[in-house]
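# Structural features, examined
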Amino acid sequence: MTTSAAETPLDAPETSEDDDGRTTQPAGSGKWARRLPLLPALVFVIVLTQLPFLGTIIVSFMNWNAYYPDERGFAGVDNFARVFTDTNARSAVFVTILLTVSVVLVSLVLGLLIALLLDRRFRGRGVVRTLMITPFLVVPVAAALLWKHALYNPEYGLLNGMLTWVFGDDAPQPDWISNNPLIAIVAALVWQWTPFMMLILLAGLQSRPMDVVEAARIDGASAWQIFTHMTLPHLRQYIELSALLGAIYVVQNFDHVFTITSGGLGTANLPYFIYQTFYTAQDYGRASAAGVVVVIGTIIIATLALRTAFTLFKEESR
Amino acid sequence: MSTSEGTTESAIDARKDEMRTAPGAEEPTERRRAQQYRHRKEPRAAMLLTAAAWLAGILFALPVAWMILTSFHGETDAAKNPPDLFAPLSLEGYRTFFDAGPWPPLLNSLTASVLSTVLVIVLAFPAAYALSIRPVKAWTDVLFFFLSTKMLPIVAGILPIYLFAQASGLLDNIWLLVILYTSMNMPIAVWMLRSFLAEVPVEMLEAAQVDGAGLATTLRKVIAPVVMPGIASAALICFIFSWNELLLARVLTSTVAQTAPVFLTGFVTSQGLFLAKVCAASFVVSLPVLAAGFAAQDKLVQGLSMGAVK
């Protein structure tokens, strides 16, 4: 890997501008010359993410329901009080956490196992990798529809179809979604996210220095010892990266909840709850208060996650 | 990852030493015996592992294979229990889907995904330059600001965006989605491109400087050709995430600017037997992503990991 090339630009901010060798302009204009290429992207993102959120904060203190336009006004902290006392909102928080943690954990473990299986040379390895990637390349709504209708449907879904194949005509024909709505959603999400975890972990496995592993094996280390003492420590940053990225996307999942259960049967997560409060109930004030609560929660979790990312990043730029 | 290899290796060396002196370490003769034993056992164990890998691959691809097979069956055959794998093939599902007018939504998705991807790259590329090659002072803070916006759930800002769009007449306008998808994907693109730009050899840039090339020329003629694989990865990922997006499109568009995922959710609410046409519709809508992803598997891996894995 081109370590030397990577280090110079990364170290640049620490070195003063004159021994940098690349800046000949006076300090003042040099600063702005450096900033200029950054500004369009930065301004764009600030305007489109921070301004709307500012709007959400303002509306969260307002009494504003689009069905009753005459009653619009300042509400103080009423909306927040209603969010915290609302059982639906509390259940949405709980569902979001449960969904995110279980999907990320299960797909990480499955992804790691499959990555280990694919980290060997065997006939058709490329084909198996391609097969494994397939779930990630199905549009999420389409995947949710596929699981709901083609797999879970109690009358003609594939799952019950296979039960009939195996057990004959009096095979059990469970209604998968009604019986275990949350597990049904988790399974569909795990199916889509395992390939993602697997790809990153496989890349991590393949960047291991194999000669050292070989040396350890000749020295008599067992496969388990090599795995726990060499493979896992090496994989740590890849595991953290895939968990962080997976969590960012699964926390915000809307498509699966919307498609598979329409938020019913106690599966409404926060994105769905806010969508419903705003889009169906038209209660702008309460939806915004819930949005603010989500963001505060996300900031708390994200600070912890970002700290992880930061250690990753330090290792990278070392 | 561009970790300096020296430290990693010495760490592993240390670990190796630990293992050498570990109480479980075997005597030479025992070790030889263990190796012989392993050699005898290897073929069967290897075969089992290969079989397990194939089984995992087949299990994960099975739902998609089932979706494609069902999409080519007639509705009555598709609804059979137990399933009839060898039912006569039919294009009924595809005919119903294409009769429902999917072209405008598909074209809307294409417009939103392609234009926003181009816009993301055009804006993120110079930004990545200002975060790696000639970095601004607080470049780590800026980089983490970008990532932190990714943690701000879309749903937390959707109401003001909706009210703004309503007031300015941008509801149901595909350009609004182009702009929003651009901001949605910008952090990922900046992160990825930064890690690719950080590996551009300095000598190359110095040569360009001597030749008196301006920033735009340097970016276009010197850096872009070198980091083309990175740009391709970033573009692929941005395209996929834009094509997949549902929440914003569902709230902000209706009849004119609706995208393929929104069309798909509306397509299912119809009555009667519909499994074959749902499978056909799902397959057609996923096809661009499937094709792009299969064609560029390695780019996909780099893209998904934000360029951290090379």
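Within each chain, residues carry numbers counting from 1 in the order of the written sequence. As a convention, the first chain written is A and the first ligand written is 1, with the rest following in written order. Residues qualify for local features only when their pLDDT is at least 70, as the model is predicted, and side-chain atom pairs are given and counted only at 80 or more; totals for whole chains, interfaces and linings, by contrast, use all residues.

What counts is decided by this rule: UniProt positions are given in the numbering used here, feature names are shortened, and annotations may be inferred rather than shown by experiment.
As recorded in an unreviewed UniProt entry, chain A goes by Sugar ABC transporter permease and comes from Phycicoccus endophyticus. Quoted verbatim from the Subcellular location (unreviewed entry) heading of the UniProt record, the comment on chain A is "Cell membrane". Checking UniProt for chain A, the heading Sequence similarities (unreviewed entry) contains the comment "Belongs to the binding-protein-dependent transport system permease family."

### Focus: the overall build of chain B
Note the following rule: Only runs of H or I of at least four residues qualify as helices and only runs of E of at least two qualify as strands under DSSP, and these elements are numbered from the N terminus. Three exposure classes are used, based on other C-beta atoms lying within 10 Å of a residue's own C-beta, which is placed from the backbone: buried for 20 or more, exposed for 12 or fewer, and partly exposed in between. The contact rule is simple: place each C-beta atom from the backbone, and if two of them lie within 7 Å, those residues are in contact.
Counting its regular elements, chain B contains 15 helices and zero strands. Here chain B holds 310 residues, and 46% of them are scored as buried. Contacts in chain B between residues far apart in sequence, at least 24 positions, make up 79% of those at least 6 positions apart.

### Considerations on the overall build of chain A
In terms of regular secondary structure, chain A is built from 16 helices and two strands. Taken across its 318 residues, chain A has 43% of its residues classed as buried. A sequence separation of at least 24 residues applies to 70% of the contacts in chain A between residues at least 6 apart.

### Comments concerning the UniProt feature "transmembrane region" (unreviewed entry) in chain A
Residues and elements named next belong to chain A. Following the UniProt record, one finds the feature "transmembrane region" (unreviewed entry) at residues 38–62, 92–118, 130–147, 182–205, 257–275 and 287–310. Taken end to end, residues 92–118 is 100% helix and 0% strand, and its first and last C-alpha atoms sit 38 Å apart. Taken as a whole, residues 130–147 contains 67% helix and 0% strand, while its terminal C-alpha atoms sit 21 Å from one another.

### Topic: the interface of chain A and chain B
Convention followed: Residue classes follow a fixed rule: Ala, Val, Leu, Ile, Met, Phe, Trp, Tyr, Cys and Pro count as nonpolar, while Asp, Glu, Lys and Arg count as charged, and any other residue, Gly among them, counts as polar.
Across the contact, 101 residues belong to chain A and 102 residues belong to chain B. Tallied by class, residues from the side of chain A that touches chain B come to 68 nonpolar, 22 polar and eleven charged.

### Focus: the domain arrangement of chain B
Residues and elements named next belong to chain B. To be explicit about the condition: Domain boundaries shown here were taken from an automatic or database domain assignment.
For chain B, the domain assignment lists domain 1 (27–94) and domain 2 (101–304). Its C-alpha centre places domain 1 at a distance of 34 Å from the equivalent point of domain 2. On the side of domain 2, eight residues touch domain 1, which itself brings 13 residues to the contact. Listed by contribution, the elements that provide at least two residues to the side of domain 1 that touches domain 2 are helix H2 (28–71), helix H3 (75–78) and helix H4 (92–99). A total of four residues in the side of domain 1 that touches domain 2 trace back to one element, the largest contributor, which is H2. Class assignment for the residues of the side of domain 1 that touches domain 2 results in five nonpolar, six polar and two charged.

### A few points about the nonpolar core
Put simply, the rule is: Buried Ala, Val, Leu, Ile, Met, Phe, Trp, Tyr and Cys residues form a nonpolar core when they are connected through C-beta atoms within 7 Å.
Membership of the largest hydrophobic core comes to 169 residues, with the highest contact counts inside it found for B:Ala124, B:Ala127, B:Leu177, B:Ala189, B:Val190, B:Leu193 and B:Leu197. In terms of residues, this core owes the most to one element, helix H11 (residues 181–206) of chain A, which gives 16 residues. Each of domain 1 (27–94) and domain 2 (101–304) of chain B accounts for three or more of the residues forming this core. Aside from chain neighbours lying at most four places away, what touches B:Ala189 is B:Val120, B:Ile121, B:Ala124, B:Ala234 and B:Cys238.

### Digging into helix H8 (residues 174–197) of chain B
Side chains of residues three or four places apart in an α-helix project in the same direction, reflecting 3.6 residues per turn. All names here are of chain B. For clarity, the threshold we go by: To estimate how far a helix should reach, multiply one less than its number of residues by 1.5 Å. Bend at a given residue is defined as the angle between two axes, one fitted to the seven residues that end at that position and one fitted to the seven that begin there.
Its 24 residues give H8 an end-to-end C-alpha distance of 32 Å, which sits within 8% of 34 Å, the value for a rise of 1.5 Å per residue. Along its length, H8 shows its largest kink, about 40°, at asparagine 185, and proline proline 187 lies within four residues downstream of that point. Within H8, 21 of the 24 residues are buried, leaving the element largely enclosed by the surrounding structure.

### What to know about unusual backbone geometry
Look at the link from B:Asn81 to B:Pro82: it is a cis peptide, with omega at 0°. Residue A:Gln282 is not a glycine yet carries a positive backbone phi of 55°. As for its position among the elements, A:Gln282 is in the loop between helix H15 (270–280) and helix H16 (284–317). For B:Asp172, which is not glycine, the phi dihedral falls at a positive 60°. As for its position among the elements, B:Asp172 is in the loop between helix H7 (158–168) and H8.

### Focus: helix H9 (residues 158–167) of chain A
Residue and element names in this part refer to chain A. Short version of the rule: An arc is given here, and it is the one of the directions from the helix axis to the C-beta atoms.
Every buried residue of H9 is accounted for by Leu158, Asn160 and Gly161. Burial along H9 is one-sided: seen end-on, the buried residues are contained in an arc of 165°. Among the exposed residues of H9, those pointing more than 90 degrees away from its buried face are Val166 and Phe167. One or two positions beyond H9, positive phi appears at glycine 168, with a value near 80°.

### Observations concerning the packing of helix H6 (residues 139–151) of chain B against H8(B)
All names here are of chain B. Quick note on the threshold: Think of each axis as a best-fit line through the C-alpha atoms, taken over the contacting stretch in the case of a helix, with angles from 0 to 180 degrees between the N-to-C directions. Put simply, a crossing is left-handed when the front helix is turned counterclockwise from the back one by less than a right angle, and right-handed when it is turned clockwise.
Running from amino to carboxyl end, H6 crosses H8 at an angle of 140°, the nearest separation of the two axes being 8 Å. Of the two elements, H6 crosses H8, and the hand of that crossing is left-handed. For the pair H6 and H8, the contacting residues are Leu143, Phe146, Leu147, Thr149 and Lys150 in the first and Met186, Pro187, Val190, Trp191 and Arg194 in the second. Here the residues of the contact of H6 with H8 are counted per class, giving seven nonpolar, one polar and two charged.

### Quick word on the confidence of the model for chain B
Stated precisely, the cut-off is as follows: pLDDT measures how confident the predictor is about each residue, on a scale from 0 to 100.
Taken as a whole, chain B shows an average pLDDT of 83; of its residues, 83% reach a score of 70 or greater. Confidence, read as mean pLDDT per element, is least for helix H1 (residues 5–21) of chain B in chain B (44) and greatest for helix H5 (residues 103–132) of chain B (95).

### Side note on the packing of helix H4 (residues 39–60) of chain A against H5(B)
Keep this limit in mind: When describing relative orientation, an angle under 35 degrees is termed roughly parallel and one over 145 degrees roughly antiparallel, while 65 to 115 degrees is termed roughly perpendicular and anything else oblique.
Interaxial distance between H4(A) and H5(B) falls to 7 Å at its minimum, and their mutual angle equals 120°. Viewed along their axes, H4(A) and H5(B) adopt a mutual orientation that is oblique. Between H4(A), through A:Pro40, A:Ala41, A:Leu42 and A:Phe44, and H5(B), the contact on the second element is made entirely by B:Leu123, B:Ala124 and B:Ala127. Looking at the contact of H4(A) with H5(B) residue by residue, the classes come out as seven nonpolar, no polar and no charged.

### Describing the environment of A:Leu110
Residue and element names in this part refer to chain A. Following the sequence through the fold, leucine 110 ends up in helix H6 (residues 87–118). Between the C-alpha atom of leucine 110 and that of tryptophan 191, which follows or precedes it by 81 residues, the distance is 9.7 Å. Sequence-distant contacts of leucine 110, defined by excluding residues within four places in its chain, comprise Val190 and Thr194.

### A closer look at the environment of A:Pro172
All names here are of chain A. Locating proline 172 in the fold gives a position in the loop between H9 and helix H10 (176–179). Residue proline 172 is classed as exposed on the basis of its C-beta count, with 8 C-beta atoms lying within 10 Å. Considered as a pair, proline 172 and proline 154 are 18 residues apart in the sequence and their alpha carbons are 10.0 Å apart.

### With respect to the confidence of the model for chain A
All names here are of chain A. When pLDDT is averaged across chain A, the result is 83; 86% of the residues are at 70 or more. Within chain A, the lowest mean pLDDT, 39, falls on helix H1 (residues 3–11), and the highest, 94, falls on helix H8 (residues 140–151). Contacts from residues 1–27, a stretch scored under 50 in pLDDT, to residues over four places away or in other chains number 33 contacts.

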